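Each chain is listed here by its residues.
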There are 2 protein chains.
Amino acid sequence: MSCEVNLTNQLRERGFRITPQRSVILHILGHAKAHLTPAEVYQQASISLPGLTETTVYRTLEFLAQTGLAQTVFNGKSKYAYEISGYAHHHLVCRQCGTEVEIPHVKAEALFKELQESTGFQLMQNHISFFGLCPVCQED
Amino acid sequence: MSCEVNLTNQLRERGFRITPQRSVILHILGHAKAHLTPAEVYQQASISLPGLTETTVYRTLEFLAQTGLAQTVFNGKSKYAYEISGYAHHHLVCRQCGTEVEIPHVKAEALFKELQESTGFQLMQNHISFFGLCPVCQED
DNA sequence: TTCCTTATTGCAGTTAACTGCAATAAGGAT
DNA sequence: ATCCTTATTGCAGTTAACTGCAATAAGGAA
C-alpha cells in the first residue's frame, strides 16, 4: 500500500476521502496484470479487508472510473471489468469468441482530437471497445 | 409487419428461423425513434404478442446484434440498448449526465480501415460508445 | 485531542441479466 | 398434408448490478 500514493493523493487533493476500501481496491487494480471484474476485485479485496461488501466494490469501481483513475473495459456482454493502466490503449473484441486485442491509443488520437473539436466534449482516454470478428472466427 | 421483409429474408437465407417473436421485435426496433432497452422492447412487444417472455427478448436482441441486424448501444452503465439504423453512426456519451451525441461513421472510417488491416479483424460497424464530459458538465 | 460535518459504507431489498433444460414449433423432407 | 429434425422458446431458478437509507468514520475545525 505504498505504491499508489500518487493516486490517493490525487483523490485527496480533489476533495475525496481516502478510505481503507478505496486503498485496497486501488492497490489491487494497480497490481493486476489484466482487467478485473467487480466480483474478482471483491474476492481479492475481501482477503485483506474482511467485511467489505460487494456494493462498495461496485460503487468504488464506478467512482474510480468517474474520476478517471481507472478505466472501464466493456466486453460485449453486459458485464464489465476495470483496470488501471499507464499505457493508453483500447480494445478490439471478437464478438464470437471474446478474444481481445489491444489497440494503442495513438491510433485513435486523430479521431479523438477531431471529436473534441467538433462536439466540445472533453473525451476521456478511457478504453473504447471495438467489436468485430477475429481472423479465426471469420471462417465459421 | 411488411416493412422488415428484407431483414427477415436475410435471416431466412442465412439459415435462421423466422418466429413471431423475432418478427415483432424486429418490427419494434425498426420503427423505434431511438434505441430501446430490453425492458422497453419487452413492454412494447408484449402488447402484440402476449405470453412473450423477457428471456426471449434478451436472447433475441443479442441474436440480432450477433447477426449484425441490430446494433448494441452501450450507455456507460451496465445496461444497454439496441437499435436498427440505416445511418451508420456511433455515440459520444457524457459520463456525468448521460447526454448523447451522434457521431457519423465517416469520421471513424479511417481508423476502422487501419484497424482491420493491422489486426485482421473484420470490424462490425456497430456503435462505438465514446465517453467524455459534455460542455455543460465540464464546469462542475 | 476532541468535536462536527458530511462523504462513504454496509445492510436489506430490488431490478436486470443470464442459464440449463424440457417443451414447442419452423421449415425442409417425404 | 404429415412427419422429423433441431433451432427457439418458456419456465424456473441463479447470478450480477443497482438503490435507499441509516450507521459509520475521514478529515478539517475548535
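Residues numbered from 1 in each chain as written. Chains lettered and ligands numbered in written order. Predicted model: local features only at pLDDT ≥ 70, side-chain atom pairs only at ≥ 80, totals over all residues. Heavy atoms only, no water.

### Quick notes on the sheet that holds strand β5 (residues 122-123) of chain A
Put simply, the test is: In this analysis, strands are considered paired if DSSP registers two or more bridges between them. Only DSSP runs of H or I with at least four residues qualify as helices, and only runs of E with at least two residues qualify as strands; both kinds are numbered from the N terminus onward. Residues are treated as being in contact if the distance between any of their heavy atoms lies within 4.5 Å. Geometry is summarised by axes, namely lines fitted to C-alpha atoms with helices restricted to the contacting stretch, and by angles between N-to-C directions that run from 0 to 180 degrees.
With respect to topology, 4 strands assemble into an open sheet ordered β5(A)-β6(B)-β3(B)-β4(B), the strand pairing being mixed. Each having just a single partner strand, β5 of chain A together with β4 (100-104) of chain B make up the two edges of the open sheet. As judged from the 2 bridges shared by β5(A) and strand β6 (residues 129-133) of chain B, these two strands associate in the antiparallel manner. Among the inter-strand pairings, Leu123(A) is bridged to a residue of β6(B), identified as Gly132(B). With respect to the sheet, helix α5 (residues 106-119) of chain B is in contact with β3 (89-94) and β4 of chain B, its orientation differing from that of β4(B) by roughly 65 degrees.

### Brief notes about the packing of aromatic side chains
Let me state the cut-off plainly: Aromatic rings from Phe, Tyr and Trp, with only the six-membered ring used for Trp, were paired whenever their centres fell within 6.5 Å, and each pair was classed as stacked if the ring planes differed by under 30 degrees, edge-to-face if by over 60, and tilted otherwise. Accessibility here uses a 1.4 Å probe with only protein chains present; expressed as a share of the type maximum, an area under 20% marks a residue as buried, one over 50% as exposed, and anything in between as partly exposed.
With the rule as written, the count across this model stands at 6 aromatic pairs over all chains. Ring centres of Tyr80(A) and Tyr82(A) lie 5.9 Å apart, and the angle between their planes is 15 degrees; on these two criteria the pair is classed as stacked. An identical accessibility class is assigned to Tyr80(A) and Tyr82(A); each is buried. Taking the centre distance of 6.0 Å and the plane angle of 80 degrees together, the rings of Phe112(A) and Phe130(B) count as edge-to-face.

### Some words on the nonpolar core
We count it as follows: We call a set of buried residues a nonpolar core when its members are Ala, Val, Leu, Ile, Met, Phe, Trp, Tyr or Cys and they connect through side-chain atoms within 4.5 Å of each other.
Leu29(A), Leu64(A), Leu29(B) and Leu64(B) are the most contacted members of the largest nonpolar core, which has 48 residues in total. Not counting chain neighbours up to four residues away, the residues in contact with Leu29(A) comprise Leu36(A), Val41(A), Leu61(A), Leu64(A), Ala70(A), Tyr82(A), Glu83(A) and Ile84(A). Of all hydrophobic cores here, the second largest spans 28 residues; its members include Ile103(A), Leu115(A), Ile103(B) and Leu123(B).

### Points about the domain arrangement of chain A
Residue and element names in this part refer to chain A. Stated precisely, the cut-off is as follows: The source of the domain bounds is an automatic or database domain assignment. When two components associate, each loses some accessible surface as probed by a 1.4 Å sphere; the sum of these losses over both components is called the buried area. We define a salt bridge as a side-chain nitrogen of Lys or Arg found within 4 Å of a carboxyl oxygen belonging to Asp or Glu. In protein, a polar contact requires one atom able to donate a hydrogen and another able to accept it; more generally it is a pair of N or O atoms within 3.5 Å, and residues adjacent in sequence count only if both atoms are side-chain atoms. Residues are grouped as follows: Ala, Val, Leu, Ile, Met, Phe, Trp, Tyr, Cys and Pro are nonpolar; Asp, Glu, Lys and Arg are charged; every other residue, Gly included, is polar.
Domain boundaries assigned for chain A yield domain 1 (5-83) and domain 2 (89-139). For domain 1 versus domain 2, the separation of C-alpha centres amounts to 23 Å. Interface of domain 1 and domain 2: buried area, both sides summed, is about 730 Å²; carbon and sulfur atoms make up 53% of it. For the pair domain 1 and domain 2, the number of links is 0 salt bridges. At the junction of domain 1 and domain 2, the tally comes to 2 residue pairs in polar contact (both at pLDDT 80 or more). No other element matches the 4 residues that strand β1 (residues 71-74) contributes to the side of domain 1 that touches domain 2. Within the side of domain 1 that touches domain 2, the residues separate by chemical class into 2 nonpolar, 6 polar and 1 charged.

### Re the relation of the copies chain A and chain B
The cut-off we apply is this: Copies are brought into register by a least-squares superposition over C-alpha atoms of residues with pLDDT of at least 70 in both.
Under the fitted operation, chain A is carried onto chain B by 0.0 Å of movement along the axis and a turn of 180 degrees, and the coordinates agree to an RMSD of 0.1 Å. One copy is carried onto the other by what is essentially a two-fold rotation axis.

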